[in-house]
Amino acid sequence: MLTELNGKGGCLCEPARKGELRCPLIVRPTSEDVVTGTLFGTLRVLNPRWWLPDLLNQALGAERFHRQIFRDLRIELWQKQRIYPRHHLTWDEGQTEVDVVITWENPATTVFIEMKYGSNLSAKTVNNNGSAGYPADQLIRNARVGLRENGWFTEDVLFDLPPRDFVLILLTPTSGNPLVQEYRDPVQLRSAIPRAEQLKDLPRSPFIGELSYRGVIDILTEQQRWFSLPERRLIEELNEYLQFKLSQLRTSNGHGHG
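It should be emphasised that the depicted structure is a prediction, and the values quoted were computed from it without experimental measurement.

A. The packing of aromatic side chains, seen in detail. Summed over the entire model, instances satisfying the criterion amount to seven aromatic pairs. With centroids separated by 5.1 Å and ring planes inclined at 15°, the aromatic side chains of Trp50 and Trp226 adopt a geometry described as stacked. Residue Trp50 is found in the loop between helix H3 (32–43) and helix H4 (52–60), and its partner Trp226 is found in the loop between helix H8 (213–223) and helix H9 (229–252); the two are separated by 176 residues along the sequence. Accessibility expressed as a relative area gives 45% for Trp226, which makes it partly exposed. Between Tyr117 and Tyr213, the aromatic rings sit 6.3 Å apart at their centres with planes inclined by 5°, giving stacked as the arrangement.

Here is the structure:
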């Protein structure tokens, strides 16, 4: 974060510019991973009572979560999921890597967050271009994988455990992605999932939502008074960084700093 804010991201040497060398020390201004690591690296150390339910409720547009002590809270980045069963698909699919996975156990809940910065949701995923008759975008893939990982599909297993509550959030510079609204409709969602008849049910609606970077800034600003002095300092720096990334994106899109 400080590297970027102070203009110390570095520049490419001549071999790197020619494609002869890939330098790992450059902080690329378009990297979604850098934004993800900075944002959730900070949120990990803040008291979740004052930001997690707000973030989820605003993204979902519903008061689904309340303030509490989140038992066994874990925030994991770039977590690979199990390979989706081949017999449920008509194409070969590798492992899905989820940008952010948040879990806690009272009640058992899993949140998948798909992060975007300088790029849109991919309309196609590896080995799936949509020709099989089902949508191939990243959001439906994450929804399908998340529902299976959290026990919402009927499977031949030794112990049939109750499903975990599941939420899927798209976190982008600006909200308004039409796929979010489409998949919030249970009928549309089921029609986009192969072998949807294997679904036992769906998590409590709504469970798919989206949030903008500005939404994160506003939540943290509004709740800032409840945090300790060191936490407030971290929030100020994080908000400054997110503002910087938004202005950087506007500049790269030719809209200036306005």
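B. Fine view of the pattern of salt bridges. Per the counting criterion, the structure on display carries twelve salt bridges. Two residues, Lys80 and Glu97, come together in a salt bridge whose shortest N-O distance is 3.4 Å. Taken together, the residues Lys80 in strand E1 (residues 74–80) and Glu97 in strand E2 (residues 97–105) connect sequence positions 17 residues apart. With a shortest N-O distance of 3.8 Å, Glu114 and Lys116 are connected by a salt bridge. Residue class for Lys116 comes out buried when judged on its relative accessible area of 6%.

C. Spotlight on the packing of H4 against H8. With their axes 10 Å apart at the nearest point, H4 and H8 run at an angle of 140° to one another. Accordingly, the angle class assigned to the pair H4 and H8 is oblique. In this structure, H4 crosses over H8, and the sense of that crossing is right-handed. Taking contact as the criterion, the partners of Asp54, Leu55 and Gln58 in H4 are, on H8, Gly215, Ile219 and Gln223.

D. Representation of H9. Over its 24 residues, H9 runs 35 Å from end to end, which matches the ideal 34 Å to within 8%, given 1.5 Å per residue. Buried residues of H9: Glu231, Ile235, Leu238, Asn239, Tyr241, Leu242, Lys245, Leu246, Ser247 and Leu249, and no others.

E. Structural detail: unusual backbone geometry. Cis geometry is adopted by the peptide bond preceding Pro107, which originates at Asn106 and carries an omega value of -5°. In this structure, Pro107 sits in the loop between E2 and strand E3 (108–115). In this structure, the amide linkage connecting Ser205 to the following residue, Pro206, adopts the cis form with an omega of -5°. Among the secondary structure elements, Pro206 is positioned in the loop between helix H7 (186–191) and strand E5 (208–212). Notably, Asp72 is not glycine yet its phi reads approximately 55°, a positive angle.

F. Molecular detail of the pairing of E3. A large share of E3 lies buried, amounting to seven of its eight residues. The pairing of E2 with E3 spans six bridges and is classified as antiparallel. By the bridge assignment, Thr103 is partnered in E3 with Thr110. From the end of E2 to the start of E3, which pair antiparallel, there are two residues. Pairing geometry for E3 and strand E4 (residues 165–172), over seven bridges, is parallel. Residue pairing across strands places Val111 opposite Val167, the latter belonging to E4.

G. Just H4, in detail. Counting buried residues in H4 gives eight out of nine residues, a clear majority hidden from the surface. Those residues of H4 that sit buried are Leu52, Pro53, Asp54, Leu55, Leu56, Asn57, Ala59 and Leu60. Residues of H4 that are buried sit in contact with E2, E3, E4, helix H6 (178–184), E5 and H8. Once H4 ends, the next one or two residues include Gly61, with phi positive near 70°.

H. Looking closely at the sheet that holds E3. Across the sheet, which stays open at both edges, the five strands sit in the order E1-E2-E3-E4-E5 with mixed pairing between neighbours. Each of the sheet's edge strands pairs with one partner strand only, and the pair in question is E1 and E5. Taken over all neighbouring pairs, the strand axes of this sheet differ in orientation by 25° on average, direction set aside. As paired strands, E4 and E5 are joined by five bridges and run parallel to one another. Within the sheet, the bridge partner assigned to Leu168 lies in E5 and is Ile208. Its contacts with the sheet place H4 against E2, E3, E4 and E5, and it is angled at close to 110° to E5. Its contacts with the sheet place H8 against E3, E4 and E5, and it is angled at close to 80° to E5.

Rules and cut-offs
- Residues numbered from 1 in each chain as written.
- Predicted model: local features only at pLDDT ≥ 70, side-chain atom pairs only at ≥ 80, totals over all residues.
- Heavy atoms only, no water.
- Phe/Tyr/Trp six-rings, centres within 6.5 Å; stacked < 30°, edge-to-face > 60°.
- Helix = DSSP H or I, 4+ residues; strand = E, 2+ residues; numbered from the N terminus.
- Buried < 20%, exposed > 50% of the residue type's maximum accessible area, 1.4 Å probe, protein only.
- Salt bridge = Lys/Arg side-chain N within 4 Å of Asp/Glu carboxyl O.
- Axes fitted to C-alpha atoms, helices over the stretch in contact; angles between N-to-C directions.
- Parallel < 35°, antiparallel > 145°, perpendicular 65-115°, else oblique.
- Left-handed = near helix turned anticlockwise from the far one by under 90°.
- Contact = heavy atoms within 4.5 Å.
- Expected span 1.5 Å × (residues − 1).
- Pairing = 2+ DSSP bridges.

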